[in-house]
Amino acid sequence: ISIPTETVYGAAANALNEDAVLKIYEIKQRPQFNPLIVHVASLEQAEKYIEYVPFKAKLLANTFWPGPLTLLFTKKEIIPDLVTAGSKKVAIRIPNHSLTLELLNKLNFPVAAPSANPSGYVSPTSAEHVYEHLRGKIPYILNGGHCTVGVESTILGWNEDEEPEIYRPGGIAVEAIEEV
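Rules used in this analysis
- The numbers attached to residues start from 1 for each chain and follow its sequence in the written order.
- At least 70 in pLDDT is required for a residue's local features to be given in this predicted model, at least 80 for side-chain atom pairs to be given and counted, and no such filter applies to totals for whole chains, interfaces and linings, which use all residues.
- Side-chain metrics in this entry use all non-hydrogen atoms of the structure; hydrogen atoms and water are not considered.
- Helix numbers and strand numbers start at the N terminus; a helix is a DSSP run of H or I with at least 4 residues, a strand a run of E with at least 2.
- For the radius of gyration, the atom set is restricted to C-alpha positions; the globular benchmark scales as 2.2 Å times the number of residues to the power 0.38.
- Note on classification: 1.4 Å probe, protein chains only; a residue is buried when its accessible area is under 20% of the maximum for its type, exposed when over 50%, partly exposed between these limits.
- Contacts: residue pairs with any heavy atoms within 4.5 Å of one another.
- To measure how exposed things are, a 1.4 Å probe is used in the Shrake-Rupley method; for residues, cover is taken only from the protein chains shown.
- Residues scored as positive are Lys and Arg, those scored as negative are Asp and Glu, and His as well as the terminal groups of each chain are ignored.
- Taken as the charge location is NZ of Lys, CZ of Arg, CG of Asp or CD of Glu.
- Buried Ala, Val, Leu, Ile, Met, Phe, Trp, Tyr and Cys residues that are joined via side-chain atoms within 4.5 Å together make up what is termed a nonpolar core.
- In the sections that follow, a salt bridge refers to a side-chain nitrogen of Lys or Arg positioned within 4 Å of a carboxyl oxygen of Asp or Glu.
- In this description, one arc is meant: the one made by directions from the helix axis to the C-beta atoms.
- Patches were defined on residues exceeding 30% relative accessible area and lacking a salt bridge, with like-charge contacts within 9 Å and nonpolar side-chain contacts (Val, Leu, Ile, Met, Phe, Trp, Tyr) within 5 Å.
- Any two strands with at least two DSSP-identified bridges between them are counted as paired.

A. Layout of the overall build of the protein. Scanning the protein from N- to C-terminus turns up 7 helices and 9 strands. Over its C-alpha trace the protein gives a radius of gyration of 15 Å, about what one expects of a compact globule, namely 16 Å for 180 residues. Its C-alpha atoms give the protein principal-axis dimensions of about 45 × 30 × 30 Å. Looking at the protein residue by residue over its 180 residues, the buried ones come to 50%. Taking as baseline every contact in the protein between residues at least 6 positions apart, the subset at least 24 positions apart corresponds to 64%. Accessible surface, the protein: about 8,900 Å² in total, of which carbon and sulfur atoms supply 52%. Computed over 15 positive and 21 negative side-chain charges, the separation of the two mean positions in the protein equals 7 Å.

And the structure:
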């Protein structure tokens, strides 16, 4: 299905089901070497799928979640390699959209949800955009109105020295992250 977030609409599927994840790649015509972001409703849910939460990550999560920040963590084996493109790291975020948070709180699994558009196209910021780009390829669009941020989430991880590193600029300013 397509879900709204504060950043862009996502093409969502059960992140623990490889067949469902494959459908995301097919619908988007996205190469499987491009990892997906996993969405959860809380840090407690995220902890089921990651090895540990470093102190700095906890600070950032407590400040910016729910919101347009994606954090990279060492994944547990329950997360399929297909989701992470073979990486031992998984990208996790908590979206700040009431409908999607309500959905995520009702599910007993996380959802992989990259932008709901064909790869290489502008990311959708409304249900109408999703419909225009993926008509007939996606069975359901959860219409949550227009996205308030309108650009993808900022992706942050840590290098070998445990220093934060921005992998993709996005909805959270680097300066705001540096303040924390």
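B. Layout of the nonpolar core. If you look at the biggest cluster of nonpolar residues, it comprises 34 residues, and the most contacted ones within it are L60, W65, L69, L71, F73 and I92. Listing elements by their share of this core, those giving two or more residues are α1 (18-28), α2 (43-46), α3 (55-64), β5 (69-74), α4 (81-84), β6 (89-93) and β8 (154-158). Apart from residues lying up to four places away in sequence, L60 is in contact with W65, L69, L71, L156, W158, I177 and V180. Residues A116, V130, L134 and I138 belong to the second largest nonpolar core, which totals 9 residues.

C. Geometry of the side chain of K28. With respect to the helices and strands, K28 occurs in helix α1. With no salt bridge to any partner, buried K28 finds its closest opposite charge in E152, at an N-O distance of 7.7 Å. Residues in contact with K28, not counting those within four places in the same chain, are P114, S115, N117, P118 and S119.

D. Structural context of helix α5 (residues 98-106). Every buried residue of α5 is listed here: T100, L101 and L104. Along the axis of α5, the buried residues cluster in a sector spanning 100°; they form a single face. Structural note: α5 exposes S98, N105 and K106 on the side pointing more than 90 degrees away from its buried face.

E. Looking closely at the pattern of salt bridges. Inspection of every chain in the model, using the stated rule, returns 3 salt bridges. Linking E6 and R93 is a salt bridge whose minimum nitrogen-to-oxygen distance equals 2.8 Å. Here E6, found in the loop between β1 (2-3) and β2 (10-11), pairs with R93, found in strand β6; they are 87 residues apart in sequence, far enough to count as distant. Taken individually, E6 and R93 each receive the classification buried, so the pair is uniform in this respect. Here K106 makes a salt bridge to E102, at a shortest N to O gap of 3.4 Å.

F. Geometry of a nonpolar patch on the surface. Where nonpolar side chains cluster on the molecular surface, the patch consists of F55, L59 and V180 and spans about 290 Å² of accessible area. For V180, the location among the structural elements is in the segment after α7 (174-179).

G. Molecular detail of the sheet that holds β6. The 7 strands are arranged β3-β7-β4-β6-β5-β8-β9 in an open sheet whose pairing can be described as mixed. Across the chains shown, the open sheet's two edge strands, defined by having one partner strand only, are β3 (13-14) and β9 (164-168). In terms of strand pairing, β5 meets β8 through 3 bridges, oriented parallel. Bridge pairing in β8 links L71 to L156.

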